[in-house]
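Residue-level listing of the chains:
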Amino acid sequence: MAQRASTASKKSPQVSTAVIRDLHERMVRIRLFETEAGKLMEAGKLPGFLHLCVGQEAVAAGVMTALRDDDQITSTHRGHGHAVAKGVGFRAMYAELYGRVTGACLGRGGSMHINDLSRGMLGANGIVGAGVPIAVGAAFAARYKGEDSVAVTFFGDGSTNIGAFHEGANMAAVLGLPVVFVCENNGYAEFTPQSAHMLLTDVADRAAAYGMPSVIVDGMDAVAVHRAATDAVARARSGAGPMMIEAKTYRYFDHQGVKGLRHPYRSDEEVAEWKARDPIDLIETRAIADGTATRAELDDVWQRTRDEIAEAIAYAEASPLPDPADLLLNVYSG
């Protein structure tokens with residue numbers, strides 16, 4: 001059975017002030033990026049689909065504060081938060097959402113395929129579960145080259161029903177690869193509740209089938225996620241093999257966009273119950289209570305981030321569209 005990590009205490013022992021401030025800033029950056037992206041989509045300014053992770057910020061921030069710059073991650077269709085937390089810039093992110101040539105993927109990838117290899121972000125992915133074998137491959141490459149970097153793969157509860165997850169988990173375990181499997185369990189596979197697509201209560205229990213340890217953590221508590229990720233990453237880096245983290249979290253918006261298809265698959269009361277445990281409110285309350293930060297210092301993070309986002313959106317809107325003459329650039333076939 002998976003181990004359950006305890007929720008961090010209000011005093012946050014063993015976690016430095018610098019880490020608390022870092023977690024807070026990464027979450028604020030994700031929240032504001034996603035909120036503004038949602039507004040742009042609702043205004044009809046962005047092409048394509050947009051899967052927002054508002055509410056899930058603690059998972060991306062908690063994991064990324066445990067990584068080094070040379071560690072690599074793979075993401076999902078709901079991947080903006082992972083990219084932002086790993087250090088991909090707002091300019092490149094918004095320009096990509098706009099489909100502009102200055103985007104992270106030269107305007108070719110859009111929301112679901114953002115990557116930045118210089119930041120160790122190997123890519124979001126529109127195919128459910130497809131990031132798992134990519135991360136396993138990255139971990140194998142690091143081992144082959146004698147490097148001590150770690151690969152982290154993010155996926156949802158529904159992804160663990162996909163063959164690629166099971167194949168990747170088995171290979172990582174058999175070869176003892178430095179991979180951390182992070183399940184962002186927000187309770188729904190698109191519109192389907194977990195109870196309707198698997199008989200397990202805890203997705204982390206699946207790790208045992210491959211001889212892999214696992215831990216279940218409160219995905220609304222960035223400090224708890226950070227602690228679990230720090231342990232799992234250190235374990236992988238030391239050569240002890242892969243581990244799985246299941247973070248119980250929640251997305252406030254619909255599967256796609258803000259209002260989505262208006263399909264009534266969850267109640268307003270359920271959403272409100274999760275919002276009452278907002279990850280940013282939680283860490284701000286803790287930081288003020290233990291003297292880690294003042295309200296003015298926290299407010300300054302919000303304002304600086306708003307200013308940076310406004311500049312990035314203006315940059316994206318002023319950037320040119322890709323030149324049709326470059327249509328075949330980076331396109332290849334085997």
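Parameters and conventions
Residues numbered from 1 in each chain as written. Predicted model: local features only at pLDDT ≥ 70, side-chain atom pairs only at ≥ 80, totals over all residues. Heavy atoms only, no water. Pairing = 2+ DSSP bridges. Helix = DSSP H or I, 4+ residues; strand = E, 2+ residues; numbered from the N terminus. Contact = heavy atoms within 4.5 Å. Axes fitted to C-alpha atoms, helices over the stretch in contact; angles between N-to-C directions. Buried < 20%, exposed > 50% of the residue type's maximum accessible area, 1.4 Å probe, protein only. Salt bridge = Lys/Arg side-chain N within 4 Å of Asp/Glu carboxyl O. Lys, Arg positive; Asp, Glu negative; His and termini not counted. Polar contact = N/O pair within 3.5 Å; in protein donor to acceptor, adjacent residues only side chain to side chain.

**Remarks on the sheet that holds strand β3 (residues 151-156)**
The strand order across the open sheet formed by six strands is β1-β7-β8-β4-β3-β2, and the pairing between neighbours is parallel. Strands at the two margins of the open sheet, each flanked by one partner only, are β1 (3-4) and β2 (72-74). Contacting β2, β3 and β4 (179-185), helix α5 (residues 131-144) crosses the sheet at an angle of about 170° to β3.

**Let's talk about the pairing of strand β8 (residues 243-248)**
Counted residue by residue, β8 has five buried out of six residues, so it is predominantly covered. Here β4 pairs with β8 via six bridges, running parallel. Along β8, the bridge assignment pairs V180 with M243. Here strand β7 (residues 214-218) pairs with β8 via five bridges, running parallel. When the bridges of β8 are listed, S214 appears paired with M244.

**Examining the pattern of salt bridges**
Two side chains of opposite charge can pair, provided their charged atoms sit close to one another. Enumeration over the complete set of coordinates arrives at 20 salt bridges. Residues E308 and R29 are paired through a salt bridge, measuring 2.8 Å at the closest nitrogen-oxygen approach. A residue pair is termed long-range when its members are at least 10 positions apart, and E308 in helix α11 (residues 295-318) and R29 in helix α1 (residues 17-42) qualify at 279 residues. According to the relative accessible area criterion, E308 is partly exposed, its value standing at 33%. Measuring nitrogen to oxygen at the nearest pair gives 2.5 Å for the salt bridge that ties R91 to E311. Placement of the pair is R91 in helix α4 (residues 90-98) and E311 in helix α11, with a sequence separation of 220 residues. Classification of E311 as partly exposed rests on a relative accessible area of 35%. A single salt-bridge network, built from bridges that share partners, covers E25, D300 and R304.

**Concerning the side chain of R251**
Structurally, the position occupied by R251 is in the loop between β8 and α9 (268-275). For the buried R251, no salt bridge exists, and the shortest N-O distance to an oppositely charged side chain is 4.3 Å, to D254. At a separation of 3.2 Å, a polar atom in the side chain of R251 contacts the main-chain carbonyl oxygen of F253. Here Y265 takes part through its side chain, which lies 2.8 Å from a polar atom of the side chain of R251.

**Comments concerning helix α2 (residues 57-64)**
Counting buried positions along α2 yields eight of eight residues, so the element is predominantly enclosed. Turning to α2, its buried residues number three or more, namely E57, A58, V59, A60, A61, G62, V63 and M64.

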